[in-house]
Amino acid sequence: MTEQRLLDIQGLKVHFRTDDGWVRAVDGVDIGVDRGETVCVVGESGCGKTVTAKSVLKLIDMPPGKIAAGKILWQGRDIVPMRAAEMRAIRSKEIGFIFQEPMTSLNPVYTVGYQIAETVRQHEGLSKRAATDRAAEMLRLVNIPNPAKRVHDYPHQFSGGMRQRVVIAMALACNPKLIIADEPTTALDVTIQAGILDLLNEMKERLGMAVLLITHAMGVVAETAQRVVVMYAGQVVEEAPVAPLFARPLHPYTQGLIRSIPRLDLAATEHKRLEAIPGAVPSLLDPPRGCRFAARCRYAIPECTAAPPPLRELGAGHFAACIRAEEIAEGRAQPAGVAA
C-alpha cells in the first residue's frame with residue numbers, strides 16, 4: 001500500500017443469504033484508491049461493483065448480506081470491524097456517497113436545503129442558520145441557479161439532472177476526502193450526463209478529492225478515469241491505467257466491452273454491427289471452479305476451467321486474470337476450435 005493510498009480493499013468477499021443458498025456477490029476483490037485519483041470500476045449489471053462500493057460504508061443490508069472476508073482499509077484503519085457510531089463519523093464527513101437514483105436517495109417530505117444542512121449540522125456542529133447558509137453555498141457550487149431560494153424547495157420541484165446535482169452537493173457538504181459515485185449518470189439523458197461528469201471532475205480538481213466511480217459505460221471511463229478496474233461475476237479480471245487499457249486490453253471480457261462501444265469516428269467508413277458477448281453470466285450461488293468467463297470466451301481451452309486464473313501483472317500497473325492474456329493481446333491466440 002502506497003503512502004498516498006486513501007482506500008485499500010483487500011480480498012473482500014460479500015455474500016447474501018437467499019432461499020437457494022449463499023450468493024457470492026463479491027468474491028475476493030482488491031481495489032485501491034490513491035489521494036486525488038479517479039478510479040473507475042466497470043462491468044455489466046450484476047458483476048458486484050455496486051455491492052463493493054456500498055460495502056466500503058457498510059450500506060448493504062446485513063442481514064441478508066454479510067462481509068464474509070477481507071479488509072477495507074480507510075487511511076490504514078479497517079472499516080470491517082467498526083461499530084455503527086464509528087461508521088457514522090466516517091460517512092459524509094470523510095467519505096461521501098452519490099447514489100444512482102436521486103429521487104430515491106432524497107426524502108420527498110423535506111426541503112433539499114434541510115437535507116443538506118442536516119448532514120452539516122451532524123458532522124460540523126453548525127447552527128441551523130449557518131447550516132442553511134452552507135446548504136445554499138453548496139447548491140451554488142454545483143451550479144444550481146438562485147440557490148438562496150431553491151434551498152427551500154422540495155425534491156419534486158427539481159428536474160432529474162438538478163436532483164442529481166443536489167445529491168452531489170449533499171455528498172460534498174462536509175468536504176470529504178473520497179467520493180464514491182454509484183452510476184451517477186445512469187438515469188439521465190446524454191446531455192445531462194456530460195454536465196454531471198464535468199461537474200464531478202471540476203469538484204475533484206477544486207476540492208482535491210479522490211473519486212471511486214462505479215459505471216457500466218466504457219465511454220464514461222475513457223473520459224474520467226486515471227485507472228480502471230474491470231469486474232466480472234464478483235471478481236476483478238483486469239486493472240490498468242486508462243490509456244493502456246483501451247490501447248491494449250488483455251482480458252477477453254474487457255475486449256468484448258470495448259468492442260461493444262459505438263465508434264462515431266468509424267461509422268462512415270466501416271459498416272459493422274456492434275459485437276455482443278455471447279452467453280450469460282454464471283450463477284453466483286455455485287460459480288464455476290475455473291475462469292468464470294470461460295463459458296462465454298472464444299479463446300477458452302480446457303486449462304481455463306481447471307483452476308481460477310491468478311491476477312497477474314503483465315505490464316506497468318496492468319493486471320489481468322487470464323492464462324492466455326499475452327497470446328490474445330499479441331494476436332497469437334486462435335479462437336477455440338480453430339487450428340493454429
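Residues numbered from 1 in each chain as written. Predicted model: local features only at pLDDT ≥ 70, side-chain atom pairs only at ≥ 80, totals over all residues. Heavy atoms only, no water.

Focus: the side chain of Thr-215
- With respect to the helices and strands, Thr-215 occurs in strand β8 (residues 210–215).
- Those residues within four positions of Thr-215 in sequence are excluded, and the remaining contacts are Val-41, Val-42, Gly-43, Lys-49, Glu-183, Val-220 and Val-221. (Helix = DSSP H or I, 4+ residues; strand = E, 2+ residues; numbered from the N terminus. Contact = heavy atoms within 4.5 Å.)

Notes on the nonpolar core
- Residues Ile-98, Ile-116, Leu-139, Val-166, Ile-168, Val-228 and Val-230 are the most contacted members of the largest nonpolar core, which totals 62 residues.
- Take this core: its biggest share by element is seven residues, from helix α7 (residues 160–172).
- Discounting chain neighbours no more than four positions away, the residues touching Val-228 are Cys-40, Val-42, Val-221, Glu-238, Glu-239, Ala-240, Val-242 and Leu-245.
- Val-26, Leu-57, Phe-97 and Val-229 belong to the second-largest nonpolar core, a separate cluster that totals 36 residues. (Core = buried A, V, L, I, M, F, W, Y, C linked by side-chain atoms within 4.5 Å. Buried < 20%, exposed > 50% of the residue type's maximum accessible area, 1.4 Å probe, protein only.)

Structural notes on the pairing of strand β9 (residues 227–232)
- Of all six residues that make up β9, six are buried, and the element is covered over most of its length.
- Judged from the four bridges that link them, strand β3 (residues 38–42) and β9 form a sheet pairing that is parallel. Residue Cys-40 lies in a different strand from β9, and its bridge partner there is Val-228.
- Looking at chain direction, β9 and strand β10 (residues 235–241) are connected through six bridges and run antiparallel. Among the inter-strand pairings, Met-231 is bridged to a residue of β10, identified as Val-236. (Pairing = 2+ DSSP bridges.)

So, the sheet that holds strand β11 (residues 312–315)
- On the basis of which strands lie adjacent, the open sheet formed by eight strands has the order β6-β7-β8-β3-β9-β10-β12-β11 and mixed pairing. Each edge of the sheet is formed by a strand with only one pairing partner; in this case those strands are β6 (95–98) and β11. The average undirected angle you get between the axes of adjacent strands in this sheet is 20°.
- Pairing between β6 and strand β7 (residues 178–182): four bridges, direction parallel. In the strand pairing of β7, Ile-95 is matched with Leu-178.
- Along the sheet, α7 makes contact with β6 and β7, crossing β6 at roughly 170°. (Axes fitted to C-alpha atoms, helices over the stretch in contact; angles between N-to-C directions.)

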